[in-house]
Amino acid sequence: MSIVGHFINGKVTDIHSRLQDIYNPATGEVSRQVAIASKSTAEEAIAVAQAAFPEWRDTPPIKRARIMFRYKQLLEEHADEICRLIGQEHGKIIHDAAGELQRGIENVEYACGAPEILKGEFSKNVGPGINSWSDFQPLGVVAGITPFNFPAMVPLWMYPLALVCGNTFVLKPSERDPSAPLYIGQLLKKAGLPDGVFNIVNGDKEVVDTLLTDKRVKAISFVGSTPIARYIYTTATANGKRCQALGGAKNHAIVMPDADMENVVNSLLGAAFGSSGERCMALSVAVAIGDEIADQLVTQLQERMKSLTIGVHSDKNNDFGPVITREHQQKVCGYITSAEQQGAKILVDGRNMKVSGYENGFFVGATLIDNVTTDMDSYKAEIFGPVLQVVRVKTMQEAMDIIDEHEYGNGTCIYTRDGEAANYFADRIQVGMVGINIPLPVPVSYHSFGGWKNSLFGDLYAYGPDGVRFYTRRKTITQRWPSANLREGAEFSMPT
């Protein structure tokens, strides 16, 4: 059985403290194994990155950018293989994997602008013969800890920008689907990146804690669940590191009485069930304003959900595939059961989904639950599965209050034809990313991604302009060269 190894100093190695099985979630069978690193292996990767930093820091930004241009081309040339690896280990349908990869490539494109984004600022003659300027300098060794649900895209949120800013990088991807991150990481070497500048270490909490506590690591980027994000942030900052830790979500869509219902239904189907709901931006709650619009919504959703197709990643006609593990399948089904027990109405039940030829796969069918209330366990939690819940309220303000009171504030949207209502919602809702008739308001690469409340720990969002600030430190230099015409006596007051 093949082993997915680490990538350290430009070479793949399968040195390990133990091996962990990797499953094909469509079949339920072990497909390969991943090498789980020990603390010493993680420390080796950090040491290699630290050794590579001085030369990489002094590499001109334009040369770093040229490597990213070649990297972008390689990612596009090898897209089919990358998507195949994502599908085999995550279960994501090939068209969804292609979309994931494209959104990652867009961040590489942004990183290609390194000479522009790192230009800094200059002011001439701030005083007699005095010039002042600021530039943005790299931190050193930085690390990323990424989740299973986007094995290509989320790493590409992090290291392309970190690298063009002059840092060296250690990536700890999810051990559940590590093949795609390893494959696309190796393409960096083909693009011309010097050995040691980028490294990958597969592991568990031992590796994570090593990255969090080692003094040579200056910053940590993380995407995952809120409890782990909180742990990552508190541990990293306690050890003097800069940290951005993106956590969980419970994204609501307000459906106004004037909404275009066909657009709403189409949007909710894709946003709730795409990628089996395993997205931090998935729309998992529809808040309908009034029983009339709620009845229309659930009736049309039920009808459209009959045509959804679920199956293996390689069939592009499928809408979505399995969830990541047997344990997660049981967890998602448990939330559906709890909603039923607590008084909600299961209109479409995906708990006993079986796919012909893949009966042992980790499938959960598209599920629609009506009459959900905010005190139910299924409402409070991030289910992270193909489950759409409908909450009924009487007014838009009541809907906004429900959203604001939830512990998460990642993404939200409103469906309406009323510009005044849309602007009011966008301006006042306590959520970090807002869509207006847009179900998945994921910012493009030249903006930045992040939520509010317990969806983000740290002050800076991921990628885009905030990413540049996260991976650099501002240094301001004030300069005057001595001149016979500018010589002054001693000054004891504050210079002005």
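Residues numbered from 1 in each chain as written. Predicted model: local features only at pLDDT ≥ 70, side-chain atom pairs only at ≥ 80, totals over all residues. Heavy atoms only, no water.

- Taking an unreviewed UniProt entry as the reference, the protein chain is identified by name as methylmalonate-semialdehyde dehydrogenase (CoA acylating) belonging to Xenorhabdus bovienii str. kraussei Quebec.

## Concerning the sheet that holds strand 4 (residues 18–24)
Thinking step 1. Here we have three strands laid out as an open sheet, ordered 1-5-4, and mixed in their pairing. Two strands in the sheet have a free side with no partner beyond their single neighbour: strand 1 (3–4) and strand 4.
Thinking step 2. Of the pairings in the sheet, the one linking strand 1 to strand 5 (residues 29–36) comprises two bridges and is parallel in character. Pairing of Ile-3 across the sheet is with Gln-33, part of strand 5.
Thinking step 3. Set on the sheet, helix 3 (residues 79–90) makes contact with strand 4 and strand 5; between it and strand 4 the angle comes to about 95°. (Pairing = 2+ DSSP bridges. Helix = DSSP H or I, 4+ residues; strand = E, 2+ residues; numbered from the N terminus. Contact = heavy atoms within 4.5 Å. Axes fitted to C-alpha atoms, helices over the stretch in contact; angles between N-to-C directions.)

## Considerations on the layout of surface pockets
Thinking step 1. The calculated volume of the largest pocket comes to roughly 990 Å³.
Thinking step 2. What lines the largest pocket is a set of 39 residues, among which Phe-148, Arg-176, Gly-224, Ser-225 and Ile-228 lie closest to the centre.
Thinking step 3. Where the lining of the largest pocket is concerned, the elements lending two or more residues are helix 6 (153–164), helix 8 (205–213), strand 11 (217–223), helix 9 (226–238) and helix 12 (326–341).
Thinking step 4. For the lining of the largest pocket, the leading source of residues is helix 9, giving five residues. (1 Å grid on protein atoms, 1.4 Å probe; cavity = no way out; pocket = protein on both sides within 12 Å on 5 of 7 lines; lining within 4 Å. Points joined across faces, edges and corners; volume = space filled by probe spheres on them.)

## Looking at empty space enclosed by the protein
Thinking step 1. Here the structure, examined in full by the defined rule, presents five cavities of 30 Å³ or more.
Thinking step 2. In this structure, the largest cavity occupies an estimated 100 Å³ of space.
Thinking step 3. Together, 14 residues line the largest cavity, and Gly-277, Ala-282, Ser-284, Glu-382 and Phe-384 are the ones closest to its centre.
Thinking step 4. Looking at the lining of the largest cavity, its residues break down into seven nonpolar, four polar and three charged.
Thinking step 5. Space inside the second largest cavity adds up to approximately 40 Å³.
Thinking step 6. The wall of the second largest cavity is formed by Phe-7, Gly-10, Leu-188, Lys-189, Leu-193, Pro-194, Asp-195, Gly-196 and Phe-198.
Thinking step 7. When its residues are assigned to classes, the lining of the second largest cavity shows five nonpolar, two polar and two charged. (Nonpolar A, V, L, I, M, F, W, Y, C, P; charged D, E, K, R; others polar.)

## Re the side chain of Arg-279
Thinking step 1. Looking at the element boundaries, Arg-279 is found in the loop between helix 10 (261–273) and strand 14 (283–289).
Thinking step 2. Only 3.3 Å separates the side chain of Arg-279 from the side chain of Asp-96, close enough to count as a polar contact. (Polar contact = N/O pair within 3.5 Å; in protein donor to acceptor, adjacent residues only side chain to side chain.)

## Section: the domain arrangement of the protein chain
Thinking step 1. Each domain of the protein chain was delimited in the assignment, giving domain 1 (3–247 + 455–479) and domain 2 (251–436).
Thinking step 2. Relative placement of domain 1 and domain 2: their C-alpha centres are 31 Å apart.
Thinking step 3. Here domain 1 and domain 2 share an interface that buries about 2,100 Å² over both sides, 62% of which is from carbon and sulfur atoms.
Thinking step 4. Considering only the surface of domain 1 that becomes buried against domain 2, Ala-26, Ile-93 and Ser-455 emerge as the three largest contributors, covering 25% of it.
Thinking step 5. Counting every contact that joins domain 1 to domain 2 gives one salt bridge.
Thinking step 6. The set of elements that each furnish at least two residues to the side of domain 1 that touches domain 2 consists of helix 3 and helix 4 (94–111).
Thinking step 7. Element by element, the count of residues in the side of domain 1 that touches domain 2 is highest for helix 3, at five residues.
Thinking step 8. For the side of domain 1 that touches domain 2, the residue count by class is eight nonpolar, ten polar and six charged. (Domains from an automatic or database assignment. Buried area = accessible area lost by both parts, 1.4 Å probe. Salt bridge = Lys/Arg side-chain N within 4 Å of Asp/Glu carboxyl O.)

## Considerations on unusual backbone geometry
Thinking step 1. Even without glycine at this site, Asn-125 takes up a positive phi of about 55°.
Thinking step 2. Position of Asn-125 among the secondary structure elements: in strand 6 (residues 121–127).
Thinking step 3. A positive phi angle, near 50°, is found at Tyr-463, a position not held by glycine.
Thinking step 4. For Tyr-463, the location among the structural elements is in the loop between strand 22 (456–457) and helix 16 (464–470).
Thinking step 5. Take Tyr-463: its relative accessible area is 3%, and that puts it in the buried class. (Buried < 20%, exposed > 50% of the residue type's maximum accessible area, 1.4 Å probe, protein only.)

## Some thoughts on the pairing of strand 5
Thinking step 1. Pairing of strand 4 with strand 5 involves seven bridges; the strand directions are antiparallel. Directly across from Asn-24, in strand 5, lies its bridge partner Glu-29.
Thinking step 2. Hairpin connection from strand 4 to strand 5: four residues lie between these consecutive antiparallel strands, with Gly-28 at a positive phi of about 80°.

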